Amino acid sequence: MLLPCKVENVDLLIMLTSAVCHDLDHAGYNNAYQINARTELALRYNDISPLENHHCAVAFEILQKKESNIFRNLSSDQYKRIREGIIKCILATDMTRHNEILNKFKSILHGFDFSNKEHKDLLMMVLIKVSDISNEARPMEVAEPWLDCLLQEFFNQSDVEKLEGLPVSPFMDRDKVTKPSSQIGFIRFVLLPLFVELANLFPCLEHHIIDPVRKALDYYTEMEKALDKEKQNWAQNQEAPEARQNLDQKPQNQKPSDPRRTPRTDVSGI
Ligand SMILES: Nc1nc2c(ncn2[C@@H]2O[C@@H]3COP(=O)(O)O[C@H]3[C@H]2O)c(=O)[nH]1
Ligand SMILES: [Zn+2]
């Protein structure tokens, strides 16, 4: 079953525009930070999805400009429908709404009806969410450099949270997560449960997004094993007498550098 046969062109336009605009002017600090640090965005949007509200508002500011108003030839009814759709899609990318949206989608899946507006709206929200978090469905040589950037962003945020005395998001803490541990959890508990539900409606997705994500899970599981082994070796070497000599020349507690770990982030680089 192909999506373009099941939804109207206007829905495709809504989803494509939302996909392009959904992270506009993202500052690299998530909603938890915005709210805890009481930033301008959190104040403006009363702690309700401050980032997604901002991405969406910036999108419509751009679309309002004469030179970039791709909707200028539409009737006001068509524009109204598109605006409503884009707002719904972009606001759905707030990950704190993940379970709410996934559970609603699951509850309508069996009797899914493409002519039911509520069902189609939910499907569009799920499709945008899937696209938003689908980096791991891409070939590893494409996905991994982007993951490294994401982890730099996470580590930078947790560094700043520590400096500012704010609650630290554990999944962003460089002292608690590694690249494989982060991805194993994300793929198991976030990606696969979402992708599997969408594939119930579009079985061909099994091959396009579920298989590659399962492969990525295997890849990070192997990476985690290698990392554990390296840690064990390091601990054993520390206890071995011949290693003591080397240690005397090294600062204490310094762990071996791990090429898979993301380098420390320069705050100014975000
Ligand atoms: N750990 C992890 N988080 C991800 C991955 N892809 C997306 N995310 C998170 O999901 C979020 C979706 O919204 P954002 O794009 O603002 O920020 C994204 C990241 O915080 C991934 O591959 N691994
Ligand atoms: Zn995003």
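Note on numbering: residues in each chain are counted from 1, in written sequence order. Chain letters start at A and ligand numbers start at 1, both assigned in the order the entries are written. Under the rules for a predicted model, residues below a pLDDT of 70 receive no local features and side-chain atom pairs below 80 are neither given nor counted, while totals for whole chains, interfaces and linings still include all residues. The side-chain numbers reported here are obtained from all heavy atoms of the structure, hydrogens and water having been left aside.

A. Structural detail: the nonpolar core. In this structure, Phe105, Leu123, Ile187, Phe195, Leu198, Leu201 and Phe202 are the most contacted members of the largest nonpolar core, which totals 58 residues. When contributions to this core are tallied by element, the ones reaching two or more residues are helix 2 (9–21), helix 5 (50–64), helix 6 (76–91), helix 7 (98–109), helix 8 (117–132), helix 9 (140–164), helix 10 (179–201) and helix 11 (205–239). Where helices and strands are cited, they refer to DSSP runs of H or I of at least four residues and of E of at least two residues respectively, numbered from the N terminus. Among the elements that line this core, the one with the most residues is helix 10, at 10 residues. Looking at this core, you find at least three residues from each of domain 1 (1–133) and domain 2 (134–240). Think of a nonpolar core as a cluster: buried Ala, Val, Leu, Ile, Met, Phe, Trp, Tyr and Cys residues, connected wherever their side-chain atoms sit within 4.5 Å. Accessible area is worked out with a 1.4 Å probe on protein chains only. A residue is then buried under 20% of its type maximum, exposed over 50%, and partly exposed in between. How far each domain reaches was decided by an automatic or database domain assignment.

B. Seen up close, helix 5. Its 15 residues give helix 5 an end-to-end C-alpha distance of 21 Å, which sits within 8% of 21 Å, the value for a rise of 1.5 Å per residue. If you check which residues of helix 5 are buried, you get Pro50, Leu51, Glu52, His54, His55, Cys56, Val58, Ala59, Phe60 and Leu63. In this analysis, two residues are considered to be in contact whenever any of their non-hydrogen atoms come within 4.5 Å of each other. Tucked into the core, helix 5 has its buried residues touching helix 2, helix 3 (31–36), helix 4 (40–44) and helix 6. To estimate how far a helix should extend, the number of its residues minus one is multiplied by 1.5 Å.

C. Seen up close, the packing of aromatic side chains. Geometry of aromatic contacts follows a simple scheme: Phe, Tyr and Trp rings, the Trp one being its six-membered ring, pair when their centres are within 6.5 Å, and the pair is stacked under 30 degrees between planes, edge-to-face over 60, tilted otherwise. Enumeration over the complete set of coordinates arrives at eight aromatic pairs. Centre to centre, the rings of Phe154 and Phe171 are 5.4 Å apart; their planes meet at 90 degrees, and the pair counts as edge-to-face. Note that Phe154 is positioned in helix 9 and Phe171 in the loop between helix 9 and helix 10, a separation of 17 residues in sequence. For Phe154, a relative accessible area of 15% corresponds to the buried category.

D. Broad picture of the environment of Ile187. Within the secondary structure, Ile187 is located in helix 10. You can call Ile187 buried: its relative accessible area is 0%. Among residues more than four places away in sequence, those in contact with Ile187 are Glu136, Leu192, Pro193, Val213, Ala216, Leu217 and Tyr220.

E. Broad picture of the UniProt feature "binding site: Zn(2+) 1" (unreviewed entry) in the chain. UniProt positions are given in the numbering used here, feature names are shortened, and annotations may be inferred rather than shown by experiment. UniProt's feature table lists "binding site: Zn(2+) 1" (unreviewed entry) at His22, Asp23 and Asp132, given in the numbering used throughout. Spanning 111 residues, the named residues form one tight spatial group whose C-alpha atoms are at most 9.2 Å apart. Relative to the helices and strands, His22 is located in the loop between helix 2 and helix 3. When sequence neighbours within four positions are dropped, the list of residues in contact with His22 reads His55, Ile90, Thr93 and Asp132. Setting aside anything within four residues of it in sequence, one finds Asp23 in contact with His55 and Asp132.

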